[in-house]
Amino acid sequence: MKFWRIFLTVLLLFPVMAWSQPENKVLTLDDCIKIALTNNFDLNLAKVNNKISHKTYLQSYSDILPTVNFSYDQNKYERGPTSYIGSDYIGENPALPFTYQVTTGRNYSADVQVRQNIFDGGRWYLNIKKSQLDKQSSDYSYLSAKQTAIVTIRQLYLDLLKQEKLLEVDSQAVERSKEQLDRVRSMYEVGSVAQIDVYRSEVNLGNDQITYLNQQNIEKEARRSLNIAMGNQPDAPLQIDANIKFEKEVGELDQMVQEALNNNPQLKAQQFSAYSAKYGVRVAQSAFLPNLSGYFYYTRRVPKFKGLYNQLDREYSWYIGLSLSWNLFNGMSDYLGVQKAVLNRRYSNEQYQYSRLNLKSKVTTLYNNLNALNKIISINQTNLESAKEDYRLAQERYRLGSGTLLDLRDAQVKLATAEQILVTAEFNSYITFAELQQTLGALTDKY
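Residues numbered from 1 in each chain as written. Predicted model: local features only at pLDDT ≥ 70, side-chain atom pairs only at ≥ 80, totals over all residues. Heavy atoms only, no water.

Participant: Looking at this structure, I do not really get the packing of helix α4 (residues 123–189) against helix α8 (residues 333–400). What am I missing?
Facilitator: Axis angle and axis distance: for two packed helices, these are the angle between their axes and the distance between the axes, and together they describe the pair. Between α4 and α8, the least distance of the axes is 12 Å, while the angle of their chain directions is 15°. When the axes of α4 and α8 are compared, the pair comes out roughly parallel. As α4 runs across α8, the sense of the crossing is right-handed. Of the residues in α8, those in contact with Arg-176, Gln-180, Arg-183, Val-184 and Met-187 of α4 are Tyr-391, Gln-395, Tyr-398 and Arg-399. Split by residue class, the contact of α4 with α8 holds 4 nonpolar, 2 polar and 3 charged. (Axes fitted to C-alpha atoms, helices over the stretch in contact; angles between N-to-C directions. Helix = DSSP H or I, 4+ residues; strand = E, 2+ residues; numbered from the N terminus. Parallel < 35°, antiparallel > 145°, perpendicular 65-115°, else oblique. Left-handed = near helix turned anticlockwise from the far one by under 90°. Contact = heavy atoms within 4.5 Å. Nonpolar A, V, L, I, M, F, W, Y, C, P; charged D, E, K, R; others polar.)

Structure (structure tokens):
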């Protein structure tokens, strides 16, 4: 019985124990990017728009293909007595039964119509070319959205790591202040320092704790932002890999500018959009040309349904011919359509040229910022070592009575500041390098 009681207890508690074990999978940067490429809302919208453009391109071929329509109709009718033959009134006539009788019957009819576009001013060809260019522009827009999603995840991932490192720096500052407070209290108890130093140390500890609490909120917000970008719930558990290294090697500036102009997907999308706008003008101009189409029409009308497929040599009619139409005036609509297309072409060209200039400027700015951050990192590594030594000496001087608590606090703040500046500069350099890679169009090949 004892065995069974233990067994049942374990069995009942097992689901609770299993449920209480959280999944603490550590996500690497690649893991987060792959999740975002599946779940990111903006990217999924761009994917849908891209699929629409592909369907629109296929739809553009409909103008050159024939149209075939089939129609079927059946009805029951009743015709009452009549005193008319055509438009002539004859009155009731015993020799003409229809003047007394009610006539009922049924009609069955089937029609087949085939129409083929022969010439429409080249509109069908121009629409196909324009749709093809729109599709290519959409492909690059989707590629740009994919790259943006990758860069966004990298930025948010690195920002979360940065905030975690800064939280660790603030935690160390709190520990230093606690140790310093304990030390000052001990020195006060033996009469080495005044009580004012205890109060000041308590204030210093409180200020550092406030800074730590504020940084906790910033770190939580960074975690929520990364979750949202990945398509997760904002407060979903998230643990990322802190052991991450990035290469930050860059080439010559002129070479990178040219690479960006050749490969940046957003710029390529605008380039194809400008090409499409040129065809848009030609499509609008084609409205001034005549339209020529061929048609074939076949119909049968019989009083019984089986007559539709029996005796095919009777009760039929068919037509074949050409149809020419030419819109000579429609209230200036075609003319204004051409003017709108010309303005749209101008707008697209201006936008493309502006984007080229802006891209050159952005590559140069990011390149210079990255070089500056790398120099700042090198300088702050030296500053951090100096700040550590200054803090150590300040502690020693204060212990020996040759230094003041204010000097010690100043050295402590400088040490925390040097740690914060170094962490911020290091992660900002990684983020800047990711943005530089985005301008070069060099992030989507891996995923």
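There is more to say, and it comes next.
Participant: Which parts of the structure should I look at to understand the sheet that holds strand β7 (residues 291–302)?
Facilitator: In any sheet, the strands associate via hydrogen bonds between backbone groups, in a parallel or an antiparallel arrangement. In space, the 4 strands of this open sheet follow the order β2-β5-β7-β8, with antiparallel pairing throughout. The open sheet has two free edges, formed respectively by β2 (67–79) and β8 (316–325), since each of these has just one partner strand. Shown here is a sheet whose adjacent strand axes are inclined to one another by a mean of 20°, direction ignored. Pairing of β7 with β8, which is carried by 10 bridges, proceeds in the antiparallel orientation. Residue pairing for β8: Arg-300 is matched across the bridge by Tyr-316. (Pairing = 2+ DSSP bridges.)

Participant: In this structure, what is going on with the environment of Thr-439? I would like to understand it.
Facilitator: With respect to the helices and strands, Thr-439 occurs in helix α9 (residues 405–440). Look at Thr-439 and you get buried, because its relative accessible area is 2%. The sequence separation of Thr-439 and Leu-27 amounts to 412 residues, and the corresponding C-alpha distance is 26 Å. Dropping the residues within four chain positions of it, Thr-439 is found in contact with Ala-260, Asn-264, Leu-359, Lys-362, Val-363 and Leu-366. A polar contact is formed between the side chain of Thr-439 and the backbone oxygen of Leu-436, at a distance of 2.6 Å. (Buried < 20%, exposed > 50% of the residue type's maximum accessible area, 1.4 Å probe, protein only. Polar contact = N/O pair within 3.5 Å; in protein donor to acceptor, adjacent residues only side chain to side chain.)

Participant: Mind showing me how you'd approach the nonpolar core here?
Facilitator: Note that soluble globular proteins tend to have their nonpolar side chains buried in a common cluster. Grouped together as the largest cluster of nonpolar side chains are 30 residues, with contacts concentrated most on Cys-32, Ile-153, Tyr-157, Leu-226 and Ile-240. Per-element accounting of this core gives the leading share, 11 residues, to α4. When neighbours within four sequence positions are excluded, Leu-226 is seen to be in contact with Ile-153, Leu-156, Tyr-157, Leu-160, Leu-238 and Ile-240. (Core = buried A, V, L, I, M, F, W, Y, C linked by side-chain atoms within 4.5 Å.)

Participant: Help me understand unusual backbone geometry, please; the structure alone is not making it clear to me.
Facilitator: Glycine aside, the phi torsion of most residues is negative, and most peptide linkages are trans. Positive phi, close to 50°, is recorded for Gln-311, a residue that is not glycine. Residue position: Gln-311 is located in the loop between β7 and β8. Not every positive phi belongs to a glycine, and Met-332 is a case in point at roughly 70°. In this fold, Met-332 is placed in the loop between β8 and α8.

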